[in-house]
Amino acid sequence: MSGYRVSDVMTRQVVYLSTETPLDEAARVMKEADIGDVVVTDGATLAGMLTDRDIVVRAVAERSDPATTTIGSIVTREVVMIDQHCSTAEAAALMRERGVRRILVCDADRKLVGIVSLGDLATQLDPNSALSEISEKAPTV
(Lines give C-alpha, C1' and ligand atoms only; values in the text may rest on other atoms or scores of the structure.)
Protein backbone atom coordinates (compact mmCIF):
# COMPACT_ATOMS: atom_id res chain seq x y z
CA MET A 1 0.00 0.00 0.00
CA SER A 2 2.95 2.33 0.29
CA GLY A 3 3.24 5.06 -2.29
CA TYR A 4 -0.51 5.62 -2.51
CA ARG A 5 -2.25 8.55 -0.89
CA VAL A 6 -5.79 8.52 0.44
CA SER A 7 -6.76 10.89 -2.40
CA ASP A 8 -5.72 8.20 -4.91
CA VAL A 9 -8.26 5.66 -3.67
CA MET A 10 -11.05 7.62 -1.99
CA THR A 11 -14.58 7.96 -3.30
CA ARG A 12 -15.12 11.57 -4.27
CA GLN A 13 -18.89 11.26 -4.55
CA VAL A 14 -20.18 12.35 -1.16
CA VAL A 15 -23.94 12.33 -0.64
CA TYR A 16 -25.31 14.60 2.08
CA LEU A 17 -28.67 14.09 3.79
CA SER A 18 -30.33 16.04 6.59
CA THR A 19 -30.88 14.54 10.05
CA GLU A 20 -34.61 14.89 9.32
CA THR A 21 -34.46 12.47 6.36
CA PRO A 22 -36.59 9.34 6.94
CA LEU A 23 -34.73 6.00 6.90
CA ASP A 24 -36.61 4.70 3.88
CA GLU A 25 -35.58 7.73 1.82
CA ALA A 26 -31.94 7.37 2.93
CA ALA A 27 -31.98 3.70 1.93
CA ARG A 28 -33.48 4.59 -1.45
CA VAL A 29 -30.79 7.24 -2.05
CA MET A 30 -28.04 4.75 -1.16
CA LYS A 31 -29.49 2.14 -3.49
CA GLU A 32 -29.90 4.55 -6.41
CA ALA A 33 -26.37 5.92 -5.99
CA ASP A 34 -24.96 2.41 -5.32
CA ILE A 35 -23.23 3.59 -2.15
CA GLY A 36 -23.09 2.26 1.38
CA ASP A 37 -22.90 5.52 3.31
CA VAL A 38 -24.09 9.11 3.44
CA VAL A 39 -22.85 12.12 5.36
CA VAL A 40 -25.52 13.48 7.68
CA THR A 41 -25.89 17.19 8.25
CA ASP A 42 -27.81 19.27 10.78
CA GLY A 43 -28.17 22.56 8.94
CA ALA A 44 -24.65 23.53 7.89
CA THR A 45 -23.08 21.34 10.60
CA LEU A 46 -21.71 17.85 10.07
CA ALA A 47 -23.82 15.59 12.28
CA GLY A 48 -22.21 12.25 11.45
CA MET A 49 -22.19 9.38 9.00
CA LEU A 50 -24.89 6.82 8.25
CA THR A 51 -24.07 3.46 6.71
CA ASP A 52 -26.24 0.75 5.23
CA ARG A 53 -25.18 -1.38 8.20
CA ASP A 54 -26.48 1.28 10.62
CA ILE A 55 -29.88 1.04 8.97
CA VAL A 56 -29.97 -2.73 9.34
CA VAL A 57 -28.42 -3.07 12.79
CA ARG A 58 -29.89 -0.03 14.52
CA ALA A 59 -33.24 0.43 12.80
CA VAL A 60 -34.41 -2.92 11.49
CA ALA A 61 -33.25 -4.85 14.55
CA GLU A 62 -35.13 -2.40 16.77
CA ARG A 63 -38.19 -2.63 14.50
CA SER A 64 -38.22 1.11 13.85
CA ASP A 65 -40.68 2.37 11.25
CA PRO A 66 -38.48 3.39 8.30
CA ALA A 67 -41.04 5.94 7.09
CA THR A 68 -41.16 7.86 10.37
CA THR A 69 -37.74 7.21 11.92
CA THR A 70 -35.23 9.88 10.94
CA ILE A 71 -31.59 9.21 10.19
CA GLY A 72 -30.70 11.71 12.91
CA SER A 73 -31.97 9.24 15.50
CA ILE A 74 -29.56 6.47 14.46
CA VAL A 75 -26.62 8.33 12.89
CA THR A 76 -23.10 7.58 14.12
CA ARG A 77 -22.13 10.98 15.49
CA GLU A 78 -18.48 10.24 16.12
CA VAL A 79 -16.74 10.45 12.78
CA VAL A 80 -13.14 9.69 11.96
CA MET A 81 -11.34 12.00 9.55
CA ILE A 82 -8.04 11.81 7.72
CA ASP A 83 -6.19 14.26 5.49
CA GLN A 84 -6.28 13.43 1.78
CA HIS A 85 -2.48 13.54 1.59
CA CYS A 86 -1.99 10.82 4.21
CA SER A 87 -0.83 7.44 3.00
CA THR A 88 -3.20 4.54 2.52
CA ALA A 89 -1.17 2.67 5.15
CA GLU A 90 -2.02 5.45 7.61
CA ALA A 91 -5.70 5.17 6.65
CA ALA A 92 -5.65 1.40 7.18
CA ALA A 93 -3.93 1.82 10.56
CA LEU A 94 -6.50 4.45 11.61
CA MET A 95 -9.37 2.15 10.60
CA ARG A 96 -7.85 -0.67 12.61
CA GLU A 97 -7.18 1.56 15.62
CA ARG A 98 -10.68 3.09 15.66
CA GLY A 99 -12.53 -0.08 14.59
CA VAL A 100 -14.21 1.55 11.59
CA ARG A 101 -14.61 0.61 7.93
CA ARG A 102 -14.99 4.13 6.55
CA ILE A 103 -13.19 7.41 7.15
CA LEU A 104 -14.15 10.89 6.01
CA VAL A 105 -11.40 12.55 3.97
CA CYS A 106 -10.63 16.24 4.34
CA ASP A 107 -8.30 18.78 2.79
CA ALA A 108 -5.87 21.05 4.64
CA ASP A 109 -8.76 23.38 5.58
CA ARG A 110 -10.71 20.41 7.05
CA LYS A 111 -13.22 20.64 4.20
CA LEU A 112 -14.77 17.27 3.34
CA VAL A 113 -13.51 16.03 -0.04
CA GLY A 114 -14.33 12.32 0.00
CA ILE A 115 -14.75 9.06 1.87
CA VAL A 116 -12.32 6.16 1.99
CA SER A 117 -13.57 2.71 2.89
CA LEU A 118 -11.90 -0.56 3.63
CA GLY A 119 -13.33 -1.76 0.32
CA ASP A 120 -11.74 1.21 -1.51
CA LEU A 121 -8.35 0.25 -0.10
CA ALA A 122 -8.79 -3.39 -1.10
CA THR A 123 -10.28 -2.75 -4.55
CA GLN A 124 -7.83 -0.08 -5.64
CA LEU A 125 -4.66 -1.52 -4.17
CA ASP A 126 -5.07 -5.26 -4.62
CA PRO A 127 -7.84 -6.07 -7.12
CA ASN A 128 -7.19 -9.80 -6.72
CA SER A 129 -7.59 -9.92 -2.94
CA ALA A 130 -10.47 -11.79 -1.33
CA LEU A 131 -11.61 -8.58 0.37
CA SER A 132 -11.70 -6.83 -3.00
CA GLU A 133 -13.89 -9.57 -4.45
CA ILE A 134 -16.24 -9.42 -1.46
CA SER A 135 -16.44 -5.60 -1.69
CA GLU A 136 -17.33 -5.69 -5.36
CA LYS A 137 -19.99 -8.38 -4.95
CA ALA A 138 -21.52 -7.12 -1.69
CA PRO A 139 -24.93 -5.61 -2.28
CA THR A 140 -25.74 -2.22 -0.86
CA VAL A 141 -29.15 -1.38 0.55
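Residues numbered from 1 in each chain as written. Predicted model: local features only at pLDDT ≥ 70, side-chain atom pairs only at ≥ 80, totals over all residues. Heavy atoms only, no water.

As named in an unreviewed UniProt entry, the protein is CBS domain protein, taken from Micromonospora sagamiensis.

Another aspect to go through is the pairing of strand 6 (residues 112-117). Within strand 6, 5 of the 6 residues are buried, which leaves the element mostly enclosed by the surrounding structure. Here strand 5 (residues 102-106) runs beside strand 6; their pairing, made up of 5 bridges, is antiparallel. Following the sheet pairing, L104 is matched in strand 6 by I115. Counted between consecutive antiparallel strands, the loop separating strand 5 from strand 6 contains 5 residues, among which R110 sits at a positive phi close to 65°. (Buried < 20%, exposed > 50% of the residue type's maximum accessible area, 1.4 Å probe, protein only. Helix = DSSP H or I, 4+ residues; strand = E, 2+ residues; numbered from the N terminus. Pairing = 2+ DSSP bridges.)

Here the focus is the packing of helix 2 (residues 23-33) against helix 3 (residues 52-60). Helix-helix packing is characterised by the crossing angle of the two axes and by the distance between the axes. Packing of helix 2 against helix 3 brings their axes to within 10 Å, and their N-to-C directions diverge by 150°. As far as their axial angle goes, helix 3 and helix 2 are roughly antiparallel. Seen from above, helix 2 lies across helix 3 with left-handed handedness. On the side of helix 2, the interface is formed by L23, A27 and M30, while helix 3 contributes D52, I55 and A59. Residues belonging to the contact of helix 2 with helix 3 are distributed by class as follows: 5 nonpolar, no polar and 1 charged. (Axes fitted to C-alpha atoms, helices over the stretch in contact; angles between N-to-C directions. Parallel < 35°, antiparallel > 145°, perpendicular 65-115°, else oblique. Left-handed = near helix turned anticlockwise from the far one by under 90°. Contact = heavy atoms within 4.5 Å. Nonpolar A, V, L, I, M, F, W, Y, C, P; charged D, E, K, R; others polar.)

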